[in-house]
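Below are the chains, spelled out letter by letter.
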Amino acid sequence: MLDVRQVSRSFGGVFAVRDVTLSVADGELRGIIGPNGAGKSTLFNLVSGHLQPDGGTVRYRGARLERRSPHRRARDGIAIVFQGARIFRRMTAVENVMVGAHGHTRCGFVAGALRLPGQHREERAIRDRAWEALEQVGLTAWAHREAESLPLGQQRQLQVARALCGEPRLLLLDEPASGLRAAEREALAALVAELHAGGLTMLLIEHDVGFVTRLADRVTVLDLGEVIAEGTPEEIGRDERVITAYLGDGAGGDRRA
Amino acid sequence: MNAPRMVGFVLGGLVAVAALLAPLVLSGSQLTIYVLLGTAAMVTVGVSLLMGYAGQVSLGQAAFYAIGGYTAGLMGVHGLPTVAGLVCAPLVAGLLAALVGIPIMRLRGHYLAFATLAFQLILLSVVGQLEVLGGDIGLQGIPRLGIGSAQLSNTQSYAWLTWAATALVLLIARNVITSRAGRGLRALATSEIAAESSGVPVARYKLAVFALSAAFAGLAGGIYAFFLGYIAPGSFPVLLSFEFVVMAVVGGLGTIWGPVVGAAVITVLVQVLNSLGTEPGMPPYASSVFSYAVYALLLVLTLLFLPRGLLPTATEWVRRALRGREPPAAGDRPAAAVPTGDASGSPAR
Ligand SMILES: Nc1ncnc2c1ncn2[C@@H]1O[C@H](COP(=O)(O)OP(=O)(O)OP(=O)(O)O)[C@@H](O)[C@H]1O
Ligand SMILES: [Mg+2]
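Residues numbered from 1 in each chain as written. Chains lettered and ligands numbered in written order. Predicted model: local features only at pLDDT ≥ 70, side-chain atom pairs only at ≥ 80, totals over all residues. Heavy atoms only, no water.

### Some thoughts on the sheet that holds strand S4 (residues 55-60) of chain A
Residue and element names in this part refer to chain A.
Turning to step 1, where the next piece is worked out: Taken in spatial order, the four strands line up as S2-S1-S4-S5 in an open sheet, and their pairing is antiparallel. Of all the strands in the sheet, just strand S2 (14-24) and strand S5 (63-64) have a single pairing partner and so form its edges.
Turning to step 2, where the next piece is worked out: Note: strand S1 (residues 2-11) against S4, five bridges, orientation antiparallel. Directly across from Arg5, in S4, lies its bridge partner Thr57.
Turning to step 3, where the next piece is worked out: Most of the contacts of helix H1 (residues 40-48) go to S1, to which it runs at about 115°, and overall it touches S1, S2 and S4. (Pairing = 2+ DSSP bridges. Helix = DSSP H or I, 4+ residues; strand = E, 2+ residues; numbered from the N terminus. Contact = heavy atoms within 4.5 Å. Axes fitted to C-alpha atoms, helices over the stretch in contact; angles between N-to-C directions.)

### Looking at the UniProt feature "transmembrane region" (unreviewed entry) in chain B
Turning to step 1, where the next piece is worked out: Following the UniProt record, the feature "transmembrane region" (unreviewed entry) maps to residues 31-50, 57-77, 83-104, 111-130, 158-177, 207-232, 244-273 and 285-306 of chain B here.
Turning to step 2, where the next piece is worked out: Annotated as residues 31-50 of chain B, this span is 100% helix and 0% strand, and its ends, taken at the C-alpha atoms, are 29 Å apart. (UniProt positions renumbered as here; feature names shortened; annotations may be inferred.)

### Comments concerning a nonpolar patch on the surface
All names here are of chain B.
Turning to step 1, where the next piece is worked out: Side chains of Val17, Leu20, Leu21, Leu24, Val25 and Trp160 sit close together on the surface and give an oily, nonpolar patch of about 560 Å² of accessible area.
Turning to step 2, where the next piece is worked out: Ranked by residues supplied to the nonpolar patch, first place goes to helix H1 (residues 3-21) with three residues.
Turning to step 3, where the next piece is worked out: Within the secondary structure, Leu21 sits in helix H1.
Turning to step 4, where the next piece is worked out: For Leu21, a relative accessible area of 48% puts it in the partly exposed group. (Patch = residues over 30% accessible without salt bridge, like charges linked within 9 Å, V, L, I, M, F, W, Y side chains within 5 Å. Areas by Shrake-Rupley, 256 points an atom, 1.4 Å probe, with all protein chains shown as cover. Salt bridge = Lys/Arg side-chain N within 4 Å of Asp/Glu carboxyl O. Buried < 20%, exposed > 50% of the residue type's maximum accessible area, 1.4 Å probe, protein only.)

### Here's the deal with the sheet that holds strand S10 (residues 226-231) of chain A
The strands that make up a sheet are held in pairs by hydrogen bonds between backbone atoms, and each pair lies either parallel or antiparallel.
All names here are of chain A.
Turning to step 1, where the next piece is worked out: Read across the open sheet, the six strands follow the order S6-S7-S8-S3-S9-S10; overall the sheet is mixed. Where the open sheet ends on each side, the last strands, each with one partner, are strand S6 (78-81) and S10. Here the strands of the sheet are splayed against their neighbours by 15° on average, with no regard to which way each runs.
Turning to step 2, where the next piece is worked out: Sheet topology note: the strand S3 (residues 29-33)/strand S8 (residues 201-205) ladder contains four bridges and is parallel. Bridging from a neighbouring strand, Ile32 pairs with Ile205 of S8.
Turning to step 3, where the next piece is worked out: Strands in contact with helix H6 (residues 152-165) are S6 and strand S7 (170-174); relative to S6, the strand with the most contacts, it is inclined by about 175°.

### Some remarks on the coordination of the magnesium ion (ligand 2)
All names here are of chain A.
Turning to step 1, where the next piece is worked out: Protein-derived ligands of the magnesium ion (ligand 2) are Ser41 (OG) and Gln83 (OE1), with the metal-ligand distances lying across 1.9 to 2.1 Å. In this pair, Ser41 is assigned in helix H1 and Gln83 in the loop between S6 and helix H3 (93-99), connecting sequence segments 42 residues apart.
Turning to step 2, where the next piece is worked out: The exposure class assigned to Gln83 is partly exposed, which follows from its relative accessible area of 33%. (Donors = N, O, S within 2.8 Å, 3.2 Å for Na, K, Ca; no water.)

### Overview of the nonpolar core
Turning to step 1, where the next piece is worked out: By size, the foremost hydrophobic cluster in this structure holds 124 residues, and its most contacted members are Leu203 of chain A together with Phe64, Phe236 and Phe244 of chain B.
Turning to step 2, where the next piece is worked out: With 15 residues, helix H9 (residues 202-228) of chain B is the single largest residue contributor to this core.
Turning to step 3, where the next piece is worked out: For this core, the two domains that each supply at least three residues are domain 1 (1-77 + 169-257) and domain 2 (89-167) of chain A.
Turning to step 4, where the next piece is worked out: Filtering out sequence-adjacent residues up to four positions away, Phe64 of chain B remains in contact with Ala93, Ala97, Val100, Phe119, Phe210, Ala214, Ala217 and Gly218 of chain B.
Turning to step 5, where the next piece is worked out: Counting 51 residues, the second largest nonpolar core, distinct from the first, contains Ala101, Trp131, Ala133 and Ala143 of chain A. (Core = buried A, V, L, I, M, F, W, Y, C linked by side-chain atoms within 4.5 Å. Domains from an automatic or database assignment.)

### Comments concerning the packing of aromatic side chains
Turning to step 1, where the next piece is worked out: Counted by the stated rule, this structure contains nine aromatic pairs over all chains.
Turning to step 2, where the next piece is worked out: Taking 5.5 Å as the distance between ring centres and 55° as the angle between the ring planes, the aromatic pair formed by Tyr158 of chain B and Phe227 of chain B counts as tilted. A residue pair is termed long-range when its members are at least 10 positions apart, and Tyr158 of chain B in helix H6 (residues 155-177) and Phe227 of chain B in helix H9 qualify at 69 residues. Each member of the pair, Tyr158 of chain B together with Phe227 of chain B, is buried.
Turning to step 3, where the next piece is worked out: Within the aromatic cluster, the residues linked to one another by ring pairs are Tyr65, Tyr70, Tyr224, Phe236 and Phe244 of chain B.
Turning to step 4, where the next piece is worked out: Cation over ring: Arg86 of chain A sits above Phe82 of chain A, and NZ or CZ is 5.1 Å from the ring centre. (Phe/Tyr/Trp six-rings, centres within 6.5 Å; stacked < 30°, edge-to-face > 60°. Lys NZ or Arg CZ within 6 Å of the ring centre and 35° of its normal.)

Here is the structure:
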């Protein structure tokens, strides 16, 4: 599904991601962990297209991605949930989610302006899909509220719903559980597990190592922009380098500053 | 349909009907104001699309008004069918906007504002130099609009033409905004990155909305040219671009009808003050000072006291007055609104 090879990206001479090689199989749930500033979000941006690599290749379903714009990648099935709450202010929650369907729907300015036949049907399909996505994350009660007025945790869940509304093949989740209460976190874990069971390929960044190891098939550990370990959650838990670089003594602890 | 929307619908309908009947009773000079108000409203609807919905600034919208006017005027002067001129006015304005937009719409905020302003200044000076466009003296003797031998000769018929064109512009704006494309525009206004990663081709959408707003201005310019029969670079000063922005802000950015309200309020106020300024006993500069003062004062007052603009504020009053007699707005789908099973799920009222 995704094949990242020898990818590097630096900011002002400092490598944020360095020679990262990563291969994710169809239907795999890959966990990505690493301390603050390890380059996890940068890696996601290189896959979603918001950053260009300095070198290396990114292949998605066999084709090179580097020159493809982010909206093309979205159309081709790559969805991302950003680390911060990147929501559309001044739009309701359900409208936010509906934007997520943009990539795989067609009606443009002309069809909209002239209300061509088909635009109504497509619009209804988008709305239904958006409601489903809101149901999946448990936000239907907030549907008609302005997205901005939602608590931060709900804004993050809104991003998950928006990504799901795009019916992605590859879903990038950048710390989706941060800012959620315990019960919401559990609901999210259940949703991720359900999507995984449904065959969706996912990359999951989380600081909460327990959250990742519980869900992921395999885990990649980044430190200072480089991959320092990769393997099943059990293997990672035993890896000396990981323990010294990241996990420390109390494995599962949150090392956030 | 819930009560506030119903009220809006009825009010909008009443305004439309009143505006349609008004030319029957208005005097000649009042009809002129009517036409100018309508054309200003058309341009302002475009400004509102651009600024209020898509979050992009233009301080050069009068340039596209001018392009529409010159397109229609030039075609008319050269004996081409005037209807073709009226159709080409928005097309040429939209096309030119799409071209200059390729570099300009990459800019943001102040830079975009200055670039659009600069575009207008450059355009005006180029037009002033071009012999074919009549130079600084302008294009004169633009024929009246007509189909075959039937001509729109009286002011009343231009008022109705303006009404129809304004209605068309409002309808298109509303349709676009409430469609998938409009959602993309509103999305990119607050987060280009999230819009892009949701599949919205942000650069192309910005160009499209810029071109659409220019087309609205171009259509207004075409009507203006045929109505007055004479245009010159001086008819499209930079102040006019500011005026459109002020109208959009005063009426309420990010609304469909706000621009009409803003255009009406400002046009009428400026006219009233103009006639006050030309009363006997007033100094000769009074009327121009008045009109500048109106823009400035209205803009400041709106931003201070009604930051969302006249129309949204009024709508809010109506909504509040109706509350209590109306169950909370039901969803547009009868979904069981059951929050996730824990205490945090239910939205605060
Ligand atoms: N746009 C940018 N400009 C300059 N430096 C950047 C930029 N984006 C990231 N960096 C730097 O690259 C490094 C990696 O950042 P990145 O956000 O990818 O880390 P991360 O693993 O996601 O960290 P966190 O756990 O805090 O989210 C950091 O040192 C960061 O300061
Ligand atoms: Mg990060």
